[in-house]
Amino acid sequence: MSIIESNLDEKRSFSPREDHTKDANFTKKDLLRLTKQFKNNRNKTWSDLAKSNILWDKSFNDVISGKAPFYKWFSDGKLNVSKNCVDRHISKNKSAIIHISENNKRKVLSYSDLYIYINKFSYALRKLGLTSGDRVIIYMPTIPESIVAMLSCARLGLIHSVVFAGFSSIALRDRIIDCKAKAIITVDAYMRSGKIINSKEIVDDAIKVDCEFVDNVIVYENHDALSSKKTKDVLWSEILPREEKYIDPVSMSSDELLFILYTSGSTGKPKGIMHTSGGYLLNCIITNKWVFDLKDQDIFWCTADIGWITGHSYVVYGPLACGATILIYDGAPLYPHSNRFWEIIQENNVSIFYTAPTALRTLMKVGENDPSNYNLESLRILGTVGEPINPKAWMWYFETVGKSLCPIVDTWWQTETGANMIAPIPSINSLIPGTCTKPLPGIDVAIVDINGEELRDPNQGGDLVIRQPWPSMLAGIWGDKDRYVETYWSKYSSKYYVTGDTARYDEDGNIWIMGRSDDVVNVSGHRLGTMEIESALVSHRLVAEAAVVSYKHEIKGEAIQAFISLKQSSKNKSELADDLRQWVSLKIGSIAKPERISFSDSLPKTRSGKIMRRLLRNLARGEDITSDTSTLENESIIEQLKKIV
Ligand code: WTA
């Protein structure tokens, strides 16, 4: 019996064009071969891929070991991730990083520059007494120095934990304490939307009490804004040696930790997701090659901040391990004007562009935003991640940005999965707006009902699970083994990894993500995915964003409340609300009509752009807000919402 009903129907489909199949890294033939190999001998296939894509200091015999669900990948193999990302490409003599700052300064670092920089900074870190296994917090914007910091940690076997630079001192403090960081690397300040953000002051506040285990705060002088030095402070420029140094990359066991990354916390206390070296790197590399068709001549711009997993896997580790050129931009998408993205693509010949639906919807909402005024001919692949992309935003991305020439890879994955799990391969899959299509080779995904039975038929919504372990899977939650088992494995008696998302197949076997399983609403016995109702709402011409939650209703069990932000203000809200009810009725059916509709300027979002539905649920149900709102991008919106609900 399906857990959730599906009511959306999308018929538009786009087959791969000849220019997507010609010279593709991964073809239909490769897919058939690899699928067969995985079926015949899973472990050998992962082993072959790991041997051909990674530079090992010592090869491995054990492909997968450990007691379920604490799996270890390639555990008797040894490698160094920074060596894989930098040392092996210096002979290529090419750009590694193109950095564009908010005030439009352009800086390019070649692989050799990056190599020299990392060696110098690794030397400095070692001189401070940091050794293998120590935790280091990186609290910096996306600039070359934060990438140097990450890769220097990797070189020395230090476990980094990047904390998004927009987080408050409370959120930062929680993370510093949870992983008992020995050092913090930060900047004095940086610019965001033309305003100065004093990161160093936030760090000082975060470690004011009970952080005696922090030995050093390393400050990169990014903005000439440091007024005074505290006892633990050391300046980046002071500790960086003037002359070149060489630091031997520490050979790490494949299952030793590369980093901890705290999940963005749209639900509950943040979890320190742990990733190891070999397995993580493997899925990063192959997905960059297969899904993004990443090639030597590409310029890859993934707009994610390095504070998120997308920034780890598709800004830093994946593309650099492939020897590609990455572009990073440290400013706000709409600053100083709303066409900034298109301007950067045009000026730097970006060929692969990877962003989030929330960014696209924001750009669509801004009247003067118009990609058609820019020459975007360099683009060949577009990607999206982070949320289901509604068909309206997909079509805009496809037609207006990609001029109907660039395939869109809608990539489904999580901080926990480390790399893309379900995504189209541009030379193979037909694209339908709104589906992330099929699981990648080796990724054994299923949709199951409440008894854990597989739902194979189309349009039966159930829990999305992964049945077999995969190399880049999380190694656990830092300091909390029980929570790891409880959160990800217990629902189906440790048989499957439980993603927490619901999904369905369509008639062609494509997977449609229907939302988080705790975002399901149950109206008169019909279990509906909030995502589908939201998608219907945002397809209305006046709606910019929509979030749907449920509250208790005497007759229906649960009723739907929709929170809406509009593209332009509308005078008659109650007429518009009626219109929207009719609209949903038309698109999905009257069962999905929102009982209540609230209009506000924007919706509460996490810093990674995800709408915090849990908070909206609290509001709709008249409950106290239990979430940490300091991690919200727009905290002030809560007061506005409280008034209108
Ligand atoms: C959602 C981001 C639909 C999903 C890489 C998942 C998506 C959560 C997609 C993980 C997509 C991510 N389509 N939903 N293409 N990609 N999600 O950990 O709910 O920040 O479980 O990792 O985002 O978010 P996280």
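Draft legend 1. Region of interest: helix 7 (residues 169–179). Among all positions of helix 7, only S169, A171, L172, R175, I176 and C179 are buried. Projected onto a plane normal to the axis of helix 7, the buried residues spread over an arc of 160° and lie on a single side. Packing partners of the buried residues in helix 7 comprise strand 7 (135–139), strand 9 (183–187), helix 8 (199–206) and strand 15 (257–262).

Draft legend 2. How the structure looks around the pattern of salt bridges. Across all of its chains, the model carries 32 salt bridges by this definition. D293 serves as the salt-bridge partner of K295, at 2.9 Å between the closest nitrogen and oxygen. The two residues K295 and D293 agree in class, both being buried. A salt bridge links E545 to R361, with the shortest nitrogen-to-oxygen separation between them at 3.5 Å. With E545 in strand 29 (residues 543–553) and R361 in helix 13 (residues 357–365), this pair connects stretches of sequence that are 184 residues apart.

Draft legend 3. The arrangement of the site of the ligand in detail. The full set close to the ligand counts 16 residues, and D410, T411, Q414, T415 and D501 are the nearest of them. Taking T415, its side chain carries an N or O atom lying 2.6 Å from an oxygen atom of the ligand. Between R516 and the ligand, the recorded distance is 3.0 Å, taken from a side-chain N or O atom to an oxygen atom. When the ligand sits alone it has 530 Å² of accessible area, and the protein chains cover 90% of it. Listing elements by their share of the shell around the ligand, those giving two or more residues are helix 11 (309–321) and strand 26 (511–516). Here the shell around the ligand is composed, by residue class, of six nonpolar, five polar and five charged.

Draft legend 4. Summary view of the packing of helix 2 (residues 28–40) against helix 3 (residues 42–53). The geometry of helix 2 relative to helix 3 is characterised by a closest axis approach of 5 Å and an angle of 130° between their N-to-C directions. It follows that helix 2 is oblique to helix 3 by the angle criterion. Contact with helix 2, carried on its side by L34, Q37, F38 and N40, involves R42, T45, W46 and L49 of helix 3 and no other residues of that element. Split into classes, the residues belonging to the contact of helix 2 with helix 3 amount to four nonpolar, three polar and one charged.

Draft legend 5. Molecular detail of the pairing of strand 12 (residues 216–220). For strand 12, the tally of buried residues reaches five of five residues, placing the bulk of the element in the interior. Here strand 9 pairs with strand 12 via five bridges, running parallel. Within the sheet, the bridge partner assigned to T186 lies in strand 12 and is V219. As defined by bridge partners, strand 12 adjoins strand 13 (residues 233–235) across three bridges and the pair is classed as parallel. When the bridges of strand 13 are listed, V219 appears paired with L235.

Draft legend 6. Local environment of the side chain of S598. With respect to the helices and strands, S598 occurs in strand 31 (residues 596–599). Separated by 2.8 Å, the side chains of S598 and Q561 make a polar contact. If we skip the residues at most four places from it in the chain, S598 touches Q561, A562, F563, I564 and I644.

Draft legend 7. Inspection of the environment of A96 at higher detail. Considering the arrangement of structural elements, one finds A96 in strand 5 (residues 95–100). Overall, A96 belongs to the buried group, its relative accessible area being 0%. A sequence separation of 14 residues divides A96 from S82, and the C-alpha atoms of the two residues are 13 Å apart.

Draft legend 8. Main features of the nonpolar core. F121 and Y317 are the most contacted members of the largest nonpolar core, which has 116 residues in total. In this structure F121 touches V148, A149, S152, I185, I218, W236, I239 and L240, once residues within four positions along its chain are discounted. Listed in part, the 30 residues of the second largest apolar core include L382, Y397, C406 and L431.

Draft legend 9. Layout of the domain arrangement of the protein. Segmenting the protein into domains produces domain 1 (41–93 + 105–276 + 305–323) and domain 2 (520–642). Using only C-alpha atoms to locate each centre, domain 1 and domain 2 end up separated by 38 Å.

Draft legend 10. Main features of the packing of helix 5 (residues 111–127) against helix 6 (residues 144–156). It is the contact of helix 5 with helix 6, at a shortest axis distance of 8 Å, that shows an interaxial angle of 65°. The handedness of the crossing between helix 5 and helix 6 comes out as right-handed. Here L114, Y115, Y117, I118, N119, F121, S122, L125 and R126 of helix 5 come into contact with helix 6, specifically with E145, V148, A149, L151, S152, C153, R155 and L156. For the contact of helix 5 with helix 6, a count of residues per class yields eleven nonpolar, three polar and three charged.

Draft legend 11. Geometry of the state of the cysteines. Evaluation of the coordinates by the stated rule reveals zero disulfides. For the unlinked cysteine C322, the closest cysteine sulfur is that of C85, found at 8.9 Å.

Draft legend 12. Local environment of unusual backbone geometry. Following A68, the chain continues to P69 via a peptide bond in cis, the omega torsion being -5°. In this fold, P69 is placed in the loop between strand 2 (64–65) and strand 3 (72–73). Of note, the bond from Y335 into P336 is cis; its omega dihedral lies within 30 degrees of zero at -10°. A positive phi angle, near 50°, is found at D293, a position not held by glycine. Here D293 is to be found in the loop between helix 10 (278–290) and strand 17 (299–302). In the Ramachandran plot, S493 falls in the positive-phi region, its phi being about 50° despite a non-glycine side chain. In this structure, S493 sits in the loop between helix 15 (481–488) and strand 25 (497–505).

The rules behind the values
- Residues numbered from 1 in each chain as written.
- Predicted model: local features only at pLDDT ≥ 70, side-chain atom pairs only at ≥ 80, totals over all residues.
- Heavy atoms only, no water.
- Buried < 20%, exposed > 50% of the residue type's maximum accessible area, 1.4 Å probe, protein only.
- Helix = DSSP H or I, 4+ residues; strand = E, 2+ residues; numbered from the N terminus.
- Arc of directions from axis to C-beta.
- Contact = heavy atoms within 4.5 Å.
- Salt bridge = Lys/Arg side-chain N within 4 Å of Asp/Glu carboxyl O.
- Near = heavy atom within 4 Å.
- Polar contact = N/O pair within 3.5 Å; in protein donor to acceptor, adjacent residues only side chain to side chain.
- Areas by Shrake-Rupley, 256 points an atom, 1.4 Å probe, with all protein chains shown as cover.
- Nonpolar A, V, L, I, M, F, W, Y, C, P; charged D, E, K, R; others polar.
- Axes fitted to C-alpha atoms, helices over the stretch in contact; angles between N-to-C directions.
- Parallel < 35°, antiparallel > 145°, perpendicular 65-115°, else oblique.
- Pairing = 2+ DSSP bridges.
- Core = buried A, V, L, I, M, F, W, Y, C linked by side-chain atoms within 4.5 Å.
- Domains from an automatic or database assignment.
- Left-handed = near helix turned anticlockwise from the far one by under 90°.
- Disulfide = S-S within 2.5 Å.

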